[in-house]
Amino acid sequence: MMAGPCTDTRWIEQLDGVVADVFNIMLRQSCEVVEDTAATAAEIDIVAKILLSGAIDAQCLLEFPQATAKKLTDAFLGSQDDWEDALIEDAIGELCNMIAGGWKSALGATASASGLSVPAISRARAPDRNPPNGCGLRMRRTYSFRNSPFTVSLAIREHIEKMNQPGP
Amino acid sequence: MSVRVLIVDDSVVMRRILENALRHSGLDLAEVLHAANGMEGLAALEQSATENQPLDLILCDVHMPEMNGLDFLLEKQLRNLAPGVPVVMITADATDPQVLDAVAAGAHGTISKPFTLQRIKTCVESLLPPVAPPPSAMGDAQP
């Protein structure tokens, strides 16, 4: 089983494309890839997780600082307000849903026989980030939305990695 | 024409986004009912029937806790609630077999998330009767 971070640029570009599409289409705003720093990881307040299970197994994890989550909620709802935590968490869950769904669609027919879970939201300081057993291929990307960071992580089971490997 | 719409989605944020999109699509919205899952959606349909306040359009998410969109659609038909009212399924997972099942079960259309305002407008316009111009506009057009 392949362990550790993914270095296949195709997988990474696919994820970047899905994230960019969600922000461009839904919010008509850009979202840039930025460097993943220790400071970014330390600021995480809200974690959303969706599991993909069936023909393929994978996990999509979104990690948001409160400030970025607030900006995302403002953008979704088209106004600025002192939103309740539940509404902010709902917005992160919905974004996670669109990114996971978009990524699954990008996998094509291979993934069509798999189902997405509803988003699970956590505010714990040490949320369960552990992917399902056997998910050896991992990607973590940090993005900036309105100059505030958030991260998207994908963990994928080994057999998908083999199915989608480029030919010799 | 003033229309009544039911939005069934477990996400409050998505319900607000969809309602905003409907308002920006030029619809004359008489009322927008919100339901957080299929069970609440069925209750809203029953109440509309009891109060003789017919609906004109239903937007329904596919993935929801309690009762999902496909089961909502099947139960709605089983109980003969809101017959003939167009149902549009909303999904973030365009490859979900449940979406095809919903279309086979009578859904009138599907919208994939993320979506543009134009996508909502086009879909709604294809399902609802065209809006007649208001009398003042007609008068203005006369010499």
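Residues numbered from 1 in each chain as written. Chains lettered and ligands numbered in written order. Predicted model: local features only at pLDDT ≥ 70, side-chain atom pairs only at ≥ 80, totals over all residues. Heavy atoms only, no water.

J.: Please clarify how helix α2 (residues 38-50) of chain B should be interpreted in this entry.
T.: An α-helix turns once per 3.6 residues; consequently, residues spaced three or four apart project the same way. Residue and element names in this part refer to chain B. In a regular helix each residue adds 1.5 Å, so 13 residues correspond to 18 Å; α2 covers 18 Å between its end C-alpha atoms and thus fits that length. Among all positions of α2, only G38, G41, L42, A44, L45 and S48 are buried. Viewed end-on, α2 has its buried residues packed into an arc of 160 degrees, placing them on one side of the element. Looking at the buried residues of α2, the elements they touch are β1 (2-8), β2 (28-35), β3 (57-61) and α3 (69-78). Between a side-chain oxygen at the N-terminus of α2 and the backbone nitrogen of M39 the separation is 2.9 Å; the capping residue is N37. Just downstream of α2 lies N52, where phi reads positive at about 55 degrees. (Helix = DSSP H or I, 4+ residues; strand = E, 2+ residues; numbered from the N terminus. Expected span 1.5 Å × (residues − 1). Buried < 20%, exposed > 50% of the residue type's maximum accessible area, 1.4 Å probe, protein only. Arc of directions from axis to C-beta. Contact = heavy atoms within 4.5 Å. Polar contact = N/O pair within 3.5 Å; in protein donor to acceptor, adjacent residues only side chain to side chain.)

J.: Looking at this structure, I do not really get the packing of helix α3 (residues 66-77) of chain A against helix α4 (residues 85-107) of chain A. What am I missing?
T.: Each pair of packed helices gets described by two things: the angle between the helix axes and the distance between those axes. All names here are of chain A. Between α3 and α4, the least distance of the axes is 9 Å, while the angle of their chain directions is 80 degrees. Considered as vectors, α3 and α4 are oriented roughly perpendicular to each other. Residue-level inspection shows Q66, A69, K70, L72, T73, F76 and L77 of α3 in contact with α4, the latter providing D85, L87, I88, A91, I92, L95 and M98. When the residues that make up the contact of α3 with α4 are grouped by side-chain class, the tally is ten nonpolar, two polar and two charged. (Axes fitted to C-alpha atoms, helices over the stretch in contact; angles between N-to-C directions. Parallel < 35°, antiparallel > 145°, perpendicular 65-115°, else oblique. Nonpolar A, V, L, I, M, F, W, Y, C, P; charged D, E, K, R; others polar.)

J.: Looking at this structure, how should I read the pairing of strand β3 (residues 58-64) of chain A?
T.: In the case of a regular strand, side chains alternate between the two sheet surfaces. All names here are of chain A. Counting buried residues in β3 gives seven out of seven residues, a clear majority hidden from the surface. Here β3 shows no split at all, with A58, C60, L62 and F64 on one side and Q59, L61 and E63 on the other all buried. Pairing of strand β2 (residues 46-54) with β3 involves seven bridges; the strand directions are antiparallel. Within β3, the residue paired with A48 across the bridge is L62. (Pairing = 2+ DSSP bridges.)

J.: Explain the packing of aromatic side chains to me, please; I cannot follow it from the model alone.
T.: We describe a pair of aromatic rings using the distance from one ring centre to the other and the angle between the two ring planes. All names here are of chain A. Enumeration over the complete set of coordinates arrives at five aromatic pairs over all chains. When the centroid spacing of 5.0 Å and the interplanar angle of 50 degrees are considered together, the rings of F23 and F145 count as tilted. In this pair, F23 sits in helix α1 (residues 9-27) while F145 sits in strand β6 (residues 135-145), placing the two residues 122 residues apart along the sequence. For the ring pair F64 and F150, a centre distance of 4.7 Å and an interplane angle of 15 degrees mean the geometry is stacked. (Phe/Tyr/Trp six-rings, centres within 6.5 Å; stacked < 30°, edge-to-face > 60°.)

J.: Sorry, what's going on with the interface of chain B and chain A here?
T.: Often the size quoted for an interface is simply the accessible area lost on bringing the parts together. Taken together, the contact pairs 21 residues of chain B with 22 residues of chain A. For the pair chain B and chain A, the two sides together bury roughly 1800 Å², of which 63% comes from carbon and sulfur. The largest share of the area that chain B buries against chain A comes from V13, T95 and P114 of chain B, three residues that together contribute 31% of it. Applying the counting criterion to the chain B and chain A interface returns two salt bridges. A salt bridge links K104 of chain A to D93 of chain B; its shortest N-O distance comes to 2.6 Å. (Buried area = accessible area lost by both parts, 1.4 Å probe. Salt bridge = Lys/Arg side-chain N within 4 Å of Asp/Glu carboxyl O.)

J.: Help me understand the state of the cysteines in this model?
T.: In a disulfide, the sulfur atoms of two cysteines are covalently bonded to one another. Residues and elements named next belong to chain A. Throughout the structure, instances matching the rule amount to zero disulfides over all chains. This cysteine, C31, is not joined by any disulfide, and C60 carries the nearest cysteine sulfur, 13 Å off. We classify C31 as buried; its relative accessible area is 13%. C96 carries a free sulfur, and the closest cysteine sulfur to it, the one in C60, is 4.3 Å from it. Looking at C96, the relative accessible area reads 0%, which means it is buried. (Disulfide = S-S within 2.5 Å.)

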